[in-house]
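# Coordinate inspection notes
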Amino acid sequence: MAQGNNFGQTSNGVADESPNMLVYRKMEDVIARMQDEKNGIPIRTVKSFLSKIPSVFSGSDIVQWLIKNLTIEDPAVYLCKRTMQNKARLELADYEAESLARLQRAFARKWEFIFMQAEAQAKVDKKRDKIERKILDSQERAFWDVHRPVPGCVNTTEVDIKKSSRMRNPHKTRKSVYGLQNDIRNHSPTHTPMPETKPPTEDELQQQIKYWQIQLDRHRLKMSKVADSLLSYTEQYLEYDPFLVPPDPSNPWLSDDTVFWELEASKEPSQQRVKRWGFSMDEALKDPVGKEQFFKFLESEFSSENLRFWLAVEDLKKRPIREVPSRVQEIWQEFLAPGAPSAINLDSKSYDKTTQNVKEPGRYTFEDAQEHIYKLMKSDSYPRFIRSSAYQELLQAKKKGRNIPIFPCHKNCTPTLRASTNLL
């Protein structure tokens, strides 16, 4: 529209008569008619409680205007008239019967008027000469075959048939010194031929089989189970949502009181924080005090090297790139090299993969080993930590408001661990 008089013209100044441009011009004409002050869509001012909204029109106004001015019911009149005529010669096809049923639902309120129009046109047609009636029927049917084509065919009034043919049949387009030329074979303007299909090769069949085997092995859940899991998760974290349950002592999102944040960062965890450690191992590791207590528990079981390795790899991912190679070697020598002082237990597949990765050190060199250790702690060490008497006593003590030692030292604890044992 911004191009003014050049809109709809080619570079040579000739009017563009392509199907797309014809549709654009029709759209422009409809919009111009909608904006007409007398016969266009009625525009009014809507009064609200304390204000007025000027120049408003609703979707129902547009629909009523289109029905009134564009005779959208014409296809319905045509199909309805076909049902009244010679059924042997003018019987509706399946797609036309479906269109008629759909139009009947859309124009349910006006269907009696549409039926009367079709009946009147049918009576007029019967008064015509037989040959003239056949000619008019053929012309009318050809018109609607073009404007309402069979499903799957190209609508030539809305799509450039040459462009569509090139896009659907790229192998039938050859190039010459004068540019692109279509195949010399002619195609029907409304029926696009199906592209030729070649039988799949053996490699393609093997890839398809492999793909469907992967799809069959994928883990799937019923929607009901997913919904149950979501509900249980919501109920579990309900008391931790400050927008649903007001936190103690005050809500920092509604006031300037920072006591809530200070309690969250305190080394003396509240009963809510201790309870949250039991939700998952991630919750325990996110809380500094929970991570410390989990580490002390692993030390009491002589398996703290697993958590130290996992934390070292997490720290590696945040290091500057220049420090990564040296840090990779330090982690390898401490946890994975032969005779390492804090050797961890890995399966052969993860160990071999990590050995290859160390040759080209990066932030994710120990990704497989870290995942293996995480699953090991999650399935073995963490459940024992939650079932341990120390955690249960801490949880009960916080419920009663008492302070007790978090983890009494094991008789085999190191002096460092004994000295680091804190009282809540």
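Residues numbered from 1 in each chain as written. Predicted model: local features only at pLDDT ≥ 70, side-chain atom pairs only at ≥ 80, totals over all residues. Heavy atoms only, no water.

## Describing the overall build of the chain
Within the chain, the secondary structure is distributed over 20 helices and four strands. In the chain, of all internal contacts separated by at least 6 residues, the share reaching a separation of at least 24 is 50%. Taken as a whole, the chain presents about 30,200 Å² of accessible surface, with 55% of it coming from carbon and sulfur. (Helix = DSSP H or I, 4+ residues; strand = E, 2+ residues; numbered from the N terminus. Contact = heavy atoms within 4.5 Å. Areas by Shrake-Rupley, 256 points an atom, 1.4 Å probe, with all protein chains shown as cover.)

## A word on the packing of helix α3 (residues 74-82) against helix α6 (residues 111-126)
Where α3 meets α6, the axes come as close as 8 Å, and the angle between the chain directions of the two elements is 60°. Taken together, the axes of α3 and α6 lie oblique to each other. For the pair α3 and α6, the crossing hand works out as right-handed. Only W111, I114, F115, Q117, A118, Q121, A122 and D125 of α6 make contact with α3, whose side of the interface consists of A76, V77, C80 and K81. Residue classes in the contact of α3 with α6 are distributed as eight nonpolar, two polar and two charged. (Axes fitted to C-alpha atoms, helices over the stretch in contact; angles between N-to-C directions. Parallel < 35°, antiparallel > 145°, perpendicular 65-115°, else oblique. Left-handed = near helix turned anticlockwise from the far one by under 90°. Nonpolar A, V, L, I, M, F, W, Y, C, P; charged D, E, K, R; others polar.)

## Looking at the side chain of E283
Mapped onto the secondary structure, E283 falls in helix α13 (residues 281-286). Accessibility expressed as a relative area gives 9% for E283, which makes it buried. The contact partners of E283, leaving out residues within four places of it in the chain, are Y237, R276 and W277. (Buried < 20%, exposed > 50% of the residue type's maximum accessible area, 1.4 Å probe, protein only.)

## Points about helix α15 (residues 304-316)
An ideal rise of 1.5 Å per residue puts 18 Å on 13 residues; α15 measures up with 18 Å between its terminal C-alpha atoms. When we look at burial in α15, the residues that qualify are S304, E305, N306, L307, F309, W310, A312, V313 and L316. Buried positions along α15 lie against α13, α14 (288-300), α16 (324-336) and α18 (367-387). (Expected span 1.5 Å × (residues − 1).)

## Overview of the confidence of the model for the chain
For any part of a model where pLDDT is low, the fine detail of the predicted coordinates should not be relied upon. Considering every residue of the chain, the mean pLDDT works out to 76; 75% of them sit at 70 or more. When the criterion is pLDDT under 50, residues 1-5 qualifies, and its contacts beyond four places in sequence or with other chains add up to two contacts. (pLDDT = per-residue confidence, 0-100.)

## As for α14
Along its 13 residues, α14 runs 19 Å from first to last C-alpha, staying within 8% of the 18 Å computed at 1.5 Å per residue. Residues of α14 that are buried include every one of V289, G290, Q293, F294, K296, F297 and L298, and no others. F302, located one to two residues past α14, shows a positive phi value of around 60°.

## Digging into the pattern of salt bridges
Per the stated rule, a full pass over the model turns up 17 salt bridges. For K296, the salt bridge identified is with E292, shortest N-O distance 3.3 Å. With K296 and E292 both in helix α14 and four residues apart, the pair spans about one turn of that helix. By relative accessible area, which is 7% here, K296 ends up buried. A salt bridge links K375 to E371; its shortest N-O distance comes to 3.4 Å. On the criterion of helical spacing, the pair formed by K375 and E371 is a turn pair, its members being four residues apart in helix α18. By relative accessible area, which is 52% here, K375 ends up exposed. In the salt-bridge network here, residues are joined through shared partners; they are D125, R128 and E132. (Salt bridge = Lys/Arg side-chain N within 4 Å of Asp/Glu carboxyl O.)

## Focus on unusual backbone geometry
The phi angle at F302 is positive, at roughly 60°, despite the residue not being glycine. Within the element layout of this structure, F302 appears in the loop between α14 and α15.

## Details of the nonpolar core
Note on soluble globular proteins: their nonpolar side chains tend to be buried together. Counting 36 residues, the largest nonpolar core has F294, F309, L336, F366 and M377 as the members making the most contacts within it. Elements with a minimum of two residues in this core: α12 (271-277), α13, α14, α15, α16, α18 and α19 (389-400). It is α18 that contributes the most residues to this core, seven residues altogether. Leaving out residues up to four positions away in the same chain, F309 has contacts with I331, F335, L336, I344, F366, A369, Q370 and I373. Counting residues in hydrophobic clusters, the runner-up holds twelve residues, among them A76, Y78, L79 and C80. (Core = buried A, V, L, I, M, F, W, Y, C linked by side-chain atoms within 4.5 Å.)

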